[in-house]
Amino acid sequence: MSVIRDKKHVLTVFLRRTKPYVWRWKWVWLGLFVVMLAQFLYPSDKALPFVRLDGERVGGQSDKQIAQRLVDTYSNVPLVLHIDGPAKQLTRKTTVAPAGLQPDASRILQDIKTYPWWQRIVPFSAIVQGLTKNQPILVAFDEQQFGQYAKAEMAACRVEPKNAAVTVRDGAVVLEPATDGQQCALDTLRKEFQSLALEPKGTTARVKATVVKPERSDKDVEGKLKEAQTLTERKLSLRLLDAEYSVSKATIASWLVIAEDPKDHKKLTVDVDTKRMNDYLTEMQKKVYIAPGVTTIRTTDGVETGRTEGPAGRGLNFSLTADTLKKQLLSEDGVVTGEVTTMQPKVTYQRSYSPTRAGMQALLNDIVADKGNYAITVRMSDGSSISA
């Protein structure tokens, strides 16, 4: 009997000691149930407590409040586009609206308010998610507006490549080396802008331009460069009467025409332009030039009655001399004999006319001959007429 009493005593003591703890756990479970119930019933049109939007607290705000905040803060923020290219670096500035960018309110609100039912039954998940949620400003992309903006930016980015060329500079034939160009791809711009997150103080985008190679490289013109330089190194002389005059390297270079082959843009052509020799031949002609005299012819009523012969002159035949110079230059070193020709004296007339029908006819003939292609008719006092 004493053993039974002891067991009852122990049980009574145990129950007295554990009863406060049982009630405490009941309150804990009740608190957890209340938290879960509050989370489950939390309005779906409001942001969770403590949620941040781009670092700013928006917890508990409604859809309308957040949407208005997006418009006020992000609809016209500065936009800076950095273009990194091999030919040039650019920094282009505007605002987000002309570039077709706006805050995507629907996606932002959806992300902020996302709180599925299975999370709602997890105690204190609202607080944890709210404290850890910092929603970036997602971008809505207007393809049409962006297309207009991108067209201008791609034009600014574009640098045309420069083909290698051979040119004459300071009297010498030199290489103008090819240089790379650059361009910005529309798809690259689109992907960069679609991935942007707007920021209140300004949004920065960065794209890399691609290299555009020239059609004609330095190697493509090596042969023509050597050909043109060989021509300028020719030992060329011009003989005028008994004297010879060396043609300088710079003078020969000035005669060269180095152009792109119209049939193949990768090739160049080298030629000698005889028209470019005129300045040189004009100067050389001074060494042999004798001005022609004047022959005066006297006439009466169109009939020659006498003349005074002027002396012949001397000059250089530009066309023949230039053709010979070109032929020699394109073949080998040598001496070219200039084509010195006789220049006939200038002819002038001293005309006189008698007061007769023959004199009038001669006058009309001379007027028509001097003035050109037209006709004259003069009616005389006796009713007859004279024409020329």
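Nothing here was measured: the structure is a model prediction, and the numbers come from that model.

### With respect to the nonpolar core
Alright, step 1. Among the nonpolar cores identified, the biggest contains 34 residues, and Leu53, Leu79, Leu81, Ile83, Leu101, Ile112 and Phe193 are the most heavily contacted of them.
Alright, step 2. Listed by contribution, the elements that provide at least two residues to this core are α2 (63-74), β3 (78-84), α3 (105-113), α6 (143-157), α7 (186-194) and β11 (203-208).
Alright, step 3. Counting residues per element, this core draws most heavily on α6, which supplies five residues.
Alright, step 4. Setting aside residues no more than four positions away along its own chain, Leu101 makes contact with Leu79, Val96, Val139, Ala140, Phe141, Phe193 and Leu196.
Alright, step 5. Formed by 27 residues, the second largest nonpolar core is a distinct cluster that contains Leu268, Val272, Met277 and Leu316.

### Describing the sheet that holds strand β22 (residues 346-352)
Alright, step 1. The strand order β18-β17-β22 describes an open sheet built from three strands, whose pairing is mixed. Looking at the sheet topology across the chains shown, the edges are occupied by β18 (303-308) and β22. In this sheet, adjacent strand axes meet at a mean angle of 25° when their direction is disregarded.
Alright, step 2. Pairing geometry for strand β17 (residues 294-300) and β22, over seven bridges, is parallel.

### Observations concerning α3
Alright, step 1. Within α3 the residues assigned to the buried category are Ile108, Leu109 and Ile112. The buried residues of α3 all sit within an arc of 95° when viewed along its axis, so they share a single face. Residues of α3 that are exposed and angled more than 90 degrees away from the buried face: Ser106 and Gln110.
Alright, step 2. Those residues of α3 that are buried lie in contact with β1 (52-53), α2, β5 (101-103) and β6 (134-135).

### Structural notes on the sheet that holds β6
Alright, step 1. Pairing is mixed in the open sheet, where three strands are placed in the order β2-β1-β6. Both edges of this open sheet fall to β2 (56-57) and β6, since each of them pairs with a single strand only.

### As for the side chain of Gln328
Alright, step 1. Tracing the sequence through the fold places Gln328 in helix α11 (residues 318-331).
Alright, step 2. Residue classification places Gln328 among the buried positions, given a relative accessible area of 18%.
Alright, step 3. Sequence-distant contacts of Gln328, that is, excluding residues within four places in its chain, are made with Leu236, Asp333, Gly334 and Val336.

What counts as what
Residues numbered from 1 in each chain as written. Predicted model: local features only at pLDDT ≥ 70, side-chain atom pairs only at ≥ 80, totals over all residues. Heavy atoms only, no water. Core = buried A, V, L, I, M, F, W, Y, C linked by side-chain atoms within 4.5 Å. Buried < 20%, exposed > 50% of the residue type's maximum accessible area, 1.4 Å probe, protein only. Helix = DSSP H or I, 4+ residues; strand = E, 2+ residues; numbered from the N terminus. Contact = heavy atoms within 4.5 Å. Pairing = 2+ DSSP bridges. Axes fitted to C-alpha atoms, helices over the stretch in contact; angles between N-to-C directions. Arc of directions from axis to C-beta.

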